[in-house]
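# Residue-level structural notes
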Amino acid sequence: MKFRATLATLVASVALTTPSVVVGTAAQAAGFERGPAPTAAGIQTQGPFAYAHTSVANTETPGFGAATIYFPTSTAEGTFGGVAISPGYTERQSAVSWLGPRLASHGFVVIAFDTNSPYDLPAARGDQLLAALDYLTTTSSVRSRVDATRLAVMGHSMGGGGALEAAKDRPSLDAAVGLTPWDTDKTWPEIVSPSLLVGAENDAIAPVSSHAIPFYNGMTNAPEKAYLELNDAGHSATNSANATVSGHSVAWLERFVDLDSRYSQFICPGPAASQTGPVPAYLSTCPV
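The paragraphs below set out a description of the structure included in this document. (Residues numbered from 1 in each chain as written. Predicted model: local features only at pLDDT ≥ 70, side-chain atom pairs only at ≥ 80, totals over all residues. Heavy atoms only, no water.)

Evaluation of the coordinates by the stated rule reveals one disulfide. The residue that forms a disulfide with Cys-268 is Cys-286, at a sulfur-sulfur distance of 1.9 Å. Looking down the S-S bond of the Cys-268 and Cys-286 bridge, the torsion is 95 degrees, so its handedness is right-handed. Taken as a pair, Cys-268 in the loop between α8 (264-267) and β9 (281-284) and Cys-286 in the segment after β9 lie far apart in primary sequence, 18 residues in all. (Disulfide = S-S within 2.5 Å. Helix = DSSP H or I, 4+ residues; strand = E, 2+ residues; numbered from the N terminus.)

Turning to the pattern of salt bridges, a few remarks are in order. Evaluated as defined, the whole model comprises seven salt bridges. The partner of Arg-150 in a salt bridge is Asp-147, and the shortest N-O contact between them spans 3.1 Å. One exposure class covers both Arg-150 and Asp-147, and it is buried. A salt bridge links Lys-168 to Glu-165; the nearest nitrogen and oxygen atoms lie 3.2 Å apart. You can see Lys-168 and its partner Glu-165 sitting in helix α5 (residues 158-169), three residues apart, about one turn around the helix. The class of Lys-168 is partly exposed, set by a relative accessible area of 24%. Through salt bridges with shared partners, a single ionic network connects Glu-33, Asp-260 and Arg-262. (Salt bridge = Lys/Arg side-chain N within 4 Å of Asp/Glu carboxyl O. Buried < 20%, exposed > 50% of the residue type's maximum accessible area, 1.4 Å probe, protein only.)

A complete count under the given rule lists seven aromatic pairs for this structure. Their ring planes at 85 degrees and their centres at 6.1 Å tell us that Trp-188 and Phe-215 sit as a pair that is edge-to-face. Linking Trp-188 in the loop between β6 (175-179) and β7 (195-200) with Phe-215 in helix α6 (residues 212-218), this pair joins segments that are 27 residues apart in sequence. The ring of Phe-32 has Arg-150 sitting right over it, with the charged end atom 4.3 Å from the ring centre. (Phe/Tyr/Trp six-rings, centres within 6.5 Å; stacked < 30°, edge-to-face > 60°. Lys NZ or Arg CZ within 6 Å of the ring centre and 35° of its normal.)

Let us now look at the environment of Ala-104. Residue position: Ala-104 is located in helix α3 (residues 99-104). The class for Ala-104 is buried, based on a relative accessible area of 0%. With 54 residues separating them along the chain, Ala-104 and Ala-50 place their C-alpha atoms 8.1 Å apart. Not counting residues up to four positions away in its chain, the partners in contact with Ala-104 are Phe-49, Tyr-51, Tyr-70, Phe-71, Pro-72 and Val-110. (Contact = heavy atoms within 4.5 Å.)

Moving on: the sheet that holds strand β4 (residues 108-113). Taken in spatial order, the nine strands of this open sheet run β1-β2-β4-β3-β5-β6-β7-β8-β9, and their pairing is mixed. Pairing within the sheet leaves two strands with one partner each, and these edge strands are β1 (51-56) and β9. Geometrically, the sheet is characterised by an average inter-axis angle of 15 degrees between neighbouring strands, direction not taken into account. Pairing analysis gives six bridges linking strand β3 (residues 80-86) to strand β5 (residues 146-156), with the strands arranged parallel. Opposite Gly-82, over in β5, you have Leu-151 as the bridge partner. Lying on the sheet, helix α4 (residues 122-138) is in contact with β1, β2 (67-72), β3, β4 and β5; it crosses β3 at an angle near 145 degrees. Sitting on the sheet, α5 is in contact with β3, β5, β6 and β7, with an inclination near 140 degrees to β5. (Pairing = 2+ DSSP bridges. Axes fitted to C-alpha atoms, helices over the stretch in contact; angles between N-to-C directions.)

As a further point, take the nonpolar core. Within soluble globular proteins, side chains that are nonpolar generally end up buried alongside one another. Judged by nonpolar contacts, the single largest core of 41 residues is most densely connected at Phe-64, Ile-69, Val-109, Ile-111, Val-153, Leu-173 and Tyr-227. Considering every element that reaches this core, the biggest residue donor is α4, with seven residues. For Val-109, the contacting residues outside a window of four places in its chain are Ile-69, Tyr-70, Phe-71, Pro-72, Phe-80, Gly-81, Gly-82, Val-83, Leu-136, Val-142, Arg-145 and Val-146. Val-83, Trp-98, Leu-99 and Met-154 belong to the second-largest nonpolar core, a separate cluster that totals 37 residues. (Core = buried A, V, L, I, M, F, W, Y, C linked by side-chain atoms within 4.5 Å.)

Let us look at the side chain of Ser-249. Among the secondary structure elements, Ser-249 is positioned in helix α7 (residues 243-256). Residue Ser-249 is classed as buried on the basis of its relative accessible area, which comes to 1%. Once residues lying within four places of it in the same chain are set aside, the contact partners of Ser-249 are Met-154, Val-177, Leu-179 and Leu-196.

Turning our eyes to something else, we now look at α5. In this model α5 runs 16 Å from its N-terminal to its C-terminal C-alpha over 12 residues, within 8% of the 16 Å that 1.5 Å per residue would give. For α5, a buried count of 10 out of 12 residues is recorded, marking the element as mostly surrounded by other parts of the structure. Three or more residues of α5 are buried, namely Met-158, Gly-159, Gly-160, Gly-161, Gly-162, Ala-163, Leu-164, Glu-165, Ala-166 and Ala-167. Contacts from the buried residues of α5 go to β3, α4, β5, β6, β7 and α6. (Expected span 1.5 Å × (residues − 1).)

What follows is the structure, encoded as structure tokens:
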């Protein structure tokens, strides 16, 4: 099912009310550049950093389940931003595990985890995302590699809803990324973290018309936000390596966690929407 007309209708009113907050100037003055100059092809694949991983048993994790931490092996360029990732309803961390190596190779310390219960709802997953970040930055064996002032959350399905819940609860987060996000809450005026939502055109579990697009419209106070739709894709399209998801997630995190203005080019104006290409719809506030 196509949502082109629906999309245009849903965003028409929000275009008049979205705040015009420009963060680009400050970001350019205070960036944490890591790695070589990015390319469109490069952000869609493995990055320039060698990485390793370590497993954390459920008995060692306070507030969430067993986890895997992925991290760059060298700190020659300094510390790195941290990202916590939650899987979706009934899923284990394996559903989002491809993102660990991918993001670590681009200069992030990433913790992907099992939730306390596979049936946890988004609010609980949001709490666990924040607990995972706190563990990553204060207790984990790689805490010295992480800059605790540069943090983001990410998740799939109810984990994507959990990322929004976490951003609502902790406004200091630098970014949130929801992958085919699901939540019963449709309005998010509390979110002030730059937020990226990735929807799937043929998603029958979290249809974009009742989840990702209303979430985007409901973020009336987010200084930066974007909505990207995957062409002819279903709910689990983000659960395996995906060049489009990789490219835009990497660019979003680099731009707003590392404040690296070199990545603005991939966010604004963003991909050209095409019914025959990988991205049939893309919306953003676009002042970067």
